[in-house]
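Single-letter residue listing:
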Amino acid sequence: MTDPFALETRRLLDEDFGRIEECLERIPRLVVLLSSAEDETRKNAAWALAVICAGTAKQTRCVVDAGALPLMIKLIGNDDVFEIRGRAMWALGNIAYEFPVEVIRHGGLVAMVGFMVSFSDIFSCYAIELVTWGICNVCQSAKCPLDMLTVAIPIKYNLSSTNADILINCCNTLSSLIRRHEDNSIDEIMTRVDVANVARLLWNDDPRVQRAAIQTLGQISVGSDAQTQLLLDCGVVKASIPLLSADSTRTVKDACWMLSNITAGPLNQIDEVVQSKAITSLVQVITTRPMFCAIEATWAISNATLGSLCHIQRLAECGSVLALSTVAYGAKKPREVLMALKGLVQFCRYMPSALSTPCVTLSIGPLVTSDVEDIRTYADIVMKTAMEQKKQMN
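Enquirer: Could you clarify how one ought to interpret the overall build of the chain in this entry?
Expert: A count of helical and extended segments in the chain gives 25 helices and zero strands. In terms of C-alpha radius of gyration, the chain reaches 27 Å, well past the compact-globule figure of 21 Å for 394 residues. Structurally, the chain occupies a C-alpha span of about 95 × 40 × 35 Å along its principal axes. Of all intrachain contacts in the chain linking residues separated by at least 6 positions in sequence, the fraction that spans at least 24 positions is 69%.

This is the structure in structure tokens:
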């Protein structure tokens, strides 16, 4: 027979999550009931504690201090009742968000990953979603050393799932691991992750999945030339082009950021971007999207101007001069203005005729008197070249 105390607490919280505070004094008793021999009692106790853990950090702390954490981990791995496992995972995921180090210290991350891998074939999508969410919460914390988190890499096994939330959790976990690489430990992560599976998600029908995937791939593109080449071999440039016209400006920004990292690489990697339709789309981003998107697109184009003469010619054909001039005039930060000007200076050196358009003198003229010396220097080079081209045309 179920314990009335656990049932009553569950009903109180079921009626109103706002009653968490008045249920804090019930926590010690609920923790004891997690070890009950009665299935319904364990389920009700786990459910009530999971709701409390969904509250504030202080309320979650009360659950941890009462000794619930090791018991929740035990329920995840050993309880025979599926629903109890689910409630325990919900609670553990919330605890992981606030106190990831303690979850790891008690073996929670290892338990979640092990359970996910061992039982993924018979585990429901909802349960896997809970586990991947909990793992993601741990890995997104800046408090945990990377060597404690690499155990989460097997989360990649769910990158073939059809559940959008599972895919998002997996991508966010991998993105967090790669973003926090220390020394050359990113190599260890990369050798254990199938980049092609992540790249395929750029074609997913769910925009949320696409954004999670482009963020993960963007983190990889920050790495070495060899790591970036893995992305190119998976066709990420072609796959990212539709994302440059996505409804979400954050997705657009992330796609531009990834492409800017690629064009910061060697000539063959610049060529992948320049010879695709990406440059035309990047120019459109600069002329039609908010400035924070335009800045990332400008980095991609400006980096590409460091390529070969044929790259410069292709960039000019796609309207890059006008785009760079627009950002040089409209950007607020000196670093961003300089980035656009440096791209224009490359045209001055290798294709000065591209600067004959009136928009260049109109946009760059005011920068000649800038308070920033470097801006004045580069603007002066661009202006002199533009004026010379204008004279030749007359």
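Enquirer: Whenever I open this one, the nonpolar core confuses me. Can you help?
Expert: Side chains of nonpolar character tend, in soluble globular proteins, to be buried together. If you look at the biggest cluster of nonpolar residues, it comprises 140 residues, and the most contacted ones within it are Ile135, Leu217, Leu259, Leu282, Leu341 and Ile364. Among residues more than four places away in sequence, those in contact with Leu282 are Leu244, Cys256, Leu259, Ala297, Ala300 and Ile301.

Enquirer: Just to check I follow, could you spell out the layout of surface pockets for this structure?
Expert: Gaps left between atoms show up when a probe the size of a water molecule is rolled over them. The computed volume of the largest pocket comes to approximately 200 Å³. Those elements that provide at least two residues to the lining of the largest pocket are helix H20 (291–304) and helix H23 (334–350). Looking at which element gives the most residues to the lining of the largest pocket, the answer is H23, with seven residues. In the lining of the largest pocket, the residues fall into six nonpolar, four polar and three charged.

Enquirer: Sorry, what's going on with the packing of aromatic side chains here?
Expert: When we look at a pair of aromatic rings, we describe it by the centre distance and by the angle of the planes. Throughout the structure, instances matching the rule amount to one aromatic pair. For the ring pair Trp47 and Trp90, a centre distance of 6.4 Å and an interplane angle of 75 degrees mean the geometry is edge-to-face. With Trp47 in helix H3 (residues 39–53) and Trp90 in helix H6 (residues 82–98), this pair connects stretches of sequence that are 43 residues apart. The buried category is assigned to Trp47, whose relative accessible area is 7%. Note that Arg61 overlies the ring of Phe99, its terminal NZ or CZ placed 4.5 Å from the centroid.

Enquirer: Explain the side chain of Arg211 to me, please; I cannot follow it from the model alone.
Expert: Within the secondary structure, Arg211 is located in helix H14 (residues 207–221). Side-chain polar atoms of Arg211 contact the side chain of Asp254, separated by 3.5 Å. Ignoring any residue separated from it by four or fewer positions in sequence, one finds Arg211 in contact with Ser248, Arg250, Thr251 and Asp254.

Enquirer: Whenever I open this one, the packing of helix H5 (residues 68–78) against H6 confuses me. Can you help?
Expert: Geometrically, a packed helix pair is captured by the angle between its two axes and the distance between the axes. Their axes nearest at 8 Å, the elements H5 and H6 cross at an angle of 140 degrees. On the basis of the axis angle, H5 is oblique to H6. Once H5 is placed against H6, the crossing between them reads as left-handed. Of the residues in H6, those in contact with Leu69, Met72, Ile73, Leu75, Ile76, Gly77 and Asn78 of H5 are Ile84, Arg85, Ala88, Met89, Ala91, Leu92 and Ile95.

Enquirer: How should the environment of Ser248 be read in this particular structure?
Expert: Assignment of secondary structure puts Ser248 in the loop between helix H16 (236–240) and helix H17 (249–263). By relative accessible area, which is 29% here, Ser248 ends up partly exposed. Residues Ser248 and Leu341 lie 93 residues apart in sequence; the distance between their C-alpha atoms is 28 Å.

Enquirer: Help me understand the environment of Ala354, please; the structure alone is not making it clear to me.
Expert: Structurally, Ala354 is set in the loop between H23 and helix H24 (358–364). A relative accessible area of 16% means that Ala354 is categorised as buried. Not counting residues up to four positions away in its chain, the partners in contact with Ala354 are Ala316, Val321 and Phe347.

Enquirer: What is the right way to read the state of the cysteines from this model?
Expert: The term disulfide refers to a covalent linkage connecting the sulfur atoms of a pair of cysteines. Applying the stated criterion across every chain yields a total of zero disulfides. Residue Cys256 stays outside any disulfide, its sulfur separated by 6.5 Å from that of Cys293, the closest cysteine. Taking relative accessible area as the criterion, Cys256 reaches 0% and is therefore assigned buried. Lacking any disulfide linkage, Cys359 is separated from the closest cysteine sulfur, that of Cys348, by 13 Å. Residue Cys359 is classed as buried on the basis of its relative accessible area, which comes to 18%.

Enquirer: Would you take a moment to explain the packing of H20 against helix H22 (residues 320–330) for this structure?
Expert: Running from N to C, H20 and H22 cross one another at 130 degrees; their axes reach a closest spacing of 10 Å. Classified by the interaxial angle, the pair formed by H20 and H22 is oblique. Relative to H22, the crossing made by H20 is left-handed. When H20 is examined against H22, the residues Met291, Ala294, Ile295, Thr298, Ile301 and Ser302 are found in contact with a partner set consisting of Ser320, Leu324, Val327 and Gly330.

Enquirer: Mind showing me how you'd approach the pattern of salt bridges here?
Expert: Opposite charge on two side chains permits pairing when their charged atoms draw close. Overall, the coordinates contain 14 salt bridges when judged by the stated rule. Here Lys43 and Glu83 are joined by a salt bridge, their closest N and O atoms 3.5 Å apart. On the criterion of sequence distance, the pair formed by Lys43 in helix H3 and Glu83 in helix H6 is long-range, its members being 40 residues apart. Residue Lys253 pairs with Glu296 through a salt bridge whose shortest N-O separation is 3.9 Å.

Enquirer: Help me understand helix H4 (residues 57–65), please; the structure alone is not making it clear to me.
Expert: Given 3.6 residues to a turn, an α-helix orients residues that are three or four positions apart in the same direction. Three or more residues of H4 are buried, namely Gln59, Thr60, Val63 and Val64. For H4, the arc enclosing every buried residue in end-on projection is 145 degrees, short of the 170-degree limit, so these residues lie on one face. For H4, exposure combined with an orientation more than 90 degrees from the buried face picks out Lys58 and Asp65. Contacts from the buried residues of H4 go to helix H2 (27–33), H3, H5, H6 and helix H7 (100–105).

Enquirer: I'm lost on the environment of Glu296 in this one. Help?
Expert: If you trace the backbone, Glu296 turns up in helix H20. Using a relative accessible area of 15% as the deciding quantity, one classes Glu296 as buried. Excluding residues that lie within four positions of it along the chain, Glu296 makes contacts with Lys253, Cys256, Trp257 and Ser260.

The rules behind the values
- Residues numbered from 1 in each chain as written.
- Predicted model: local features only at pLDDT ≥ 70, side-chain atom pairs only at ≥ 80, totals over all residues.
- Heavy atoms only, no water.
- Helix = DSSP H or I, 4+ residues; strand = E, 2+ residues; numbered from the N terminus.
- Rg over C-alpha atoms; globule rule 2.2 N^0.38 Å.
- Contact = heavy atoms within 4.5 Å.
- Core = buried A, V, L, I, M, F, W, Y, C linked by side-chain atoms within 4.5 Å.
- Buried < 20%, exposed > 50% of the residue type's maximum accessible area, 1.4 Å probe, protein only.
- 1 Å grid on protein atoms, 1.4 Å probe; cavity = no way out; pocket = protein on both sides within 12 Å on 5 of 7 lines; lining within 4 Å.
- Points joined across faces, edges and corners; volume = space filled by probe spheres on them.
- Nonpolar A, V, L, I, M, F, W, Y, C, P; charged D, E, K, R; others polar.
- Phe/Tyr/Trp six-rings, centres within 6.5 Å; stacked < 30°, edge-to-face > 60°.
- Lys NZ or Arg CZ within 6 Å of the ring centre and 35° of its normal.
- Polar contact = N/O pair within 3.5 Å; in protein donor to acceptor, adjacent residues only side chain to side chain.
- Axes fitted to C-alpha atoms, helices over the stretch in contact; angles between N-to-C directions.
- Parallel < 35°, antiparallel > 145°, perpendicular 65-115°, else oblique.
- Left-handed = near helix turned anticlockwise from the far one by under 90°.
- Disulfide = S-S within 2.5 Å.
- Salt bridge = Lys/Arg side-chain N within 4 Å of Asp/Glu carboxyl O.
- Arc of directions from axis to C-beta.

Functional significance is not addressed by these values, which are geometric in nature.
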